[in-house]
Amino acid sequence: MGDFTKTLTDDNFEIEILNSDKPALVDFWAEWCGPCIALGPTVDSIAEEYDGKAVVGKVNVDHHPTIAAKYSIRSIPSLLIFSNGKVEEQLIGAVSKEEITSIIDRLL
Amino acid sequence: MERKVIIIGSGPAGLTSAIYTARANLEPLVFEGLQPGGQLTITTDVENFPGFPEGVTGPELMDLLRKQAQKFGAETHFANVEKVDISQKPFKVWAGGEEYKTQSVIIATGASARLLGMESESKLMGFGVSACATCDGFFYKDKKVLVVGGGDTALEEAVYLTRFASSVSIVHRRDELRGSKIMQDRVMKHPKIDVLWNSVIDEFVGESKGVGLTGVKLKNTKSGEISTVECDGVFIAIGHKPNSDLFTNQIKLDDMGYVKTQPDSSKTSVEGVFASGDIQDTVYKQAVTAAGSGCMAALDAERYLESLES
Ligand SMILES: Cc1cc2nc3c(=O)[nH]c(=O)nc-3n(C[C@H](O)[C@H](O)[C@H](O)COP(=O)(O)OP(=O)(O)OC[C@H]3O[C@@H](n4cnc5c(N)ncnc54)[C@H](O)[C@@H]3O)c2cc1C
């Protein structure tokens, strides 16, 4: 995982994402999910580029199924984009970097 | 800068073309697309790729192929090709918002899961409707799911899903399955699997926000009768379609959308454009045949580039 991407857990999800005053991108993934592994570098590169402007984190659904259940995740990779603690957008499956950043840019 | 060869796609075909053209010092540029590593990245064990007696997972195998290509100097970009112009030389390829020029192109864009094409299906995609059992099966622990299809992929997905789901019903339009005998036996004997014969999905029921899919309306293909079946998930496994939209009207495709290649070669209807893998294969569609045809395309491209110089 990239240096700029936060590992989200049951304990820090609220502080890092819900209470953040910046837009937050959350990637739900798992080790056994090929398309998630493929999307990983894209998410990491967004984390680096948007460092200081947006928060980027990943939830491992194996380790934290409760967060996945709370947001009714039924398919991974799933990207949720939060603003002020609320889900603004959800992207499912393989998506391009531009698709993700265009949403973050809109929320900045 | 004008490239010698651009490869579109990073499945077994594209990456094998990359290994060969890189070793021939053609400095290939590979656009990986939205599915880096291709279709095998959504499967678990690959047991029939030569050289792996213990089997290998799809993502691992594709990682190894990519490393092998990079080792010889292939450049790989995580970008999707948005447009090509192969009507004149040099060819032009647009990816990630930039324009690239190249003397030759290898098309290795493979295939994607075919969907039923209903509005209710696309609305609930990811909210109970899925085209990837290995990605999403995990979310259906002790849930009731349906699998649509009757070929080997559908039967394999059904068996795989029994690891999680409480029951799996196969929705099949005919009164017999198409898959191999061995898979049919496994399915028919499985205590968690049943088959809904002569049935097609008429509509997916549910809301994308909140509850997600709650069931489907099934139509009986014999009587036309509609019935409602409650379920938590539906996995679509009705085959694949070639990813050839980029090339419509620029290159010869067959009725199904496969790129046409000349017999015993990877040459397409446009000189300097080659095709390999599932995008041009209406018969075999295996990782090793895709890799084999990736090698053919690389050698054909190499010869073509040599002919330009002489
Ligand atoms: C679930 C499943 C299990 C399978 N199991 C096996 C198995 O056990 N053994 C076996 O031999 N075969 C198996 N297959 C079949 C095998 O995966 C395919 O035959 C093989 O992957 C085809 O390779 P390919 O390189 O032609 O295309 P693909 O693997 O389909 O790759 C296509 C590539 O093109 C890229 N692409 C598409 N459009 C664009 C674009 N516009 N711009 C840039 N890139 C683009 C994609 O991102 C992808 O990287 C399986 C397939 C599936 C779906």
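Above this text is the structure in question.
Residues numbered from 1 in each chain as written. Chains lettered and ligands numbered in written order. Predicted model: local features only at pLDDT ≥ 70, side-chain atom pairs only at ≥ 80, totals over all residues. Heavy atoms only, no water.

Trainee: Quick one: what's the story with the sheet that holds strand S16 (residues 226–230) of chain B, residue by residue and with numbers?
Mentor: Residue and element names in this part refer to chain B. In spatial order, the strands read S14-S15-S16; together these three strands make up an open sheet with antiparallel pairing. The open sheet has two free edges, formed respectively by strand S14 (199–207) and S16, since each of these has just one partner strand. Within the sheet, the average angular offset between the axes of one strand and its neighbour, ignoring direction, is 25 degrees. As defined by bridge partners, strand S15 (residues 212–220) adjoins S16 across five bridges and the pair is classed as antiparallel. (Pairing = 2+ DSSP bridges. Helix = DSSP H or I, 4+ residues; strand = E, 2+ residues; numbered from the N terminus. Axes fitted to C-alpha atoms, helices over the stretch in contact; angles between N-to-C directions.)

Trainee: I'd like a rundown of the state of the cysteines, residues and numbers included.
Mentor: Residue and element names in this part refer to chain A. If you walk through the whole model with that rule in mind, you get two disulfides over all chains. Across the disulfide, Cys33 is cross-linked to Cys36 (sulfur-sulfur distance 2.2 Å). Between Cys33 and Cys36 the disulfide shows an S-S torsion of about 75 degrees. By sign, it is right-handed. According to the relative accessible area criterion, Cys36 is buried, its value standing at 3%. (Disulfide = S-S within 2.5 Å. Buried < 20%, exposed > 50% of the residue type's maximum accessible area, 1.4 Å probe, protein only.)

Trainee: Describe the interface of chain B and chain A, with residues and values.
Mentor: Taken together, the 22 residues of chain B in the interface contact 19 residues of chain A. The contact between chain B and chain A buries some 1600 Å² in all, and 63% of this surface belongs to carbon and sulfur atoms. Contact with chain A buries area across many residues of chain B, yet B:Leu34, B:Phe138 and B:Phe139 alone supply 33% of it, more than any other trio. Put simply, chain B and chain A have four residue pairs in polar contact (both at pLDDT 80 or more) between them. Considered class by class, the residues forming the side of chain B that touches chain A number 13 nonpolar, seven polar and two charged. (Contact = heavy atoms within 4.5 Å. Buried area = accessible area lost by both parts, 1.4 Å probe. Polar contact = N/O pair within 3.5 Å; in protein donor to acceptor, adjacent residues only side chain to side chain. Nonpolar A, V, L, I, M, F, W, Y, C, P; charged D, E, K, R; others polar.)

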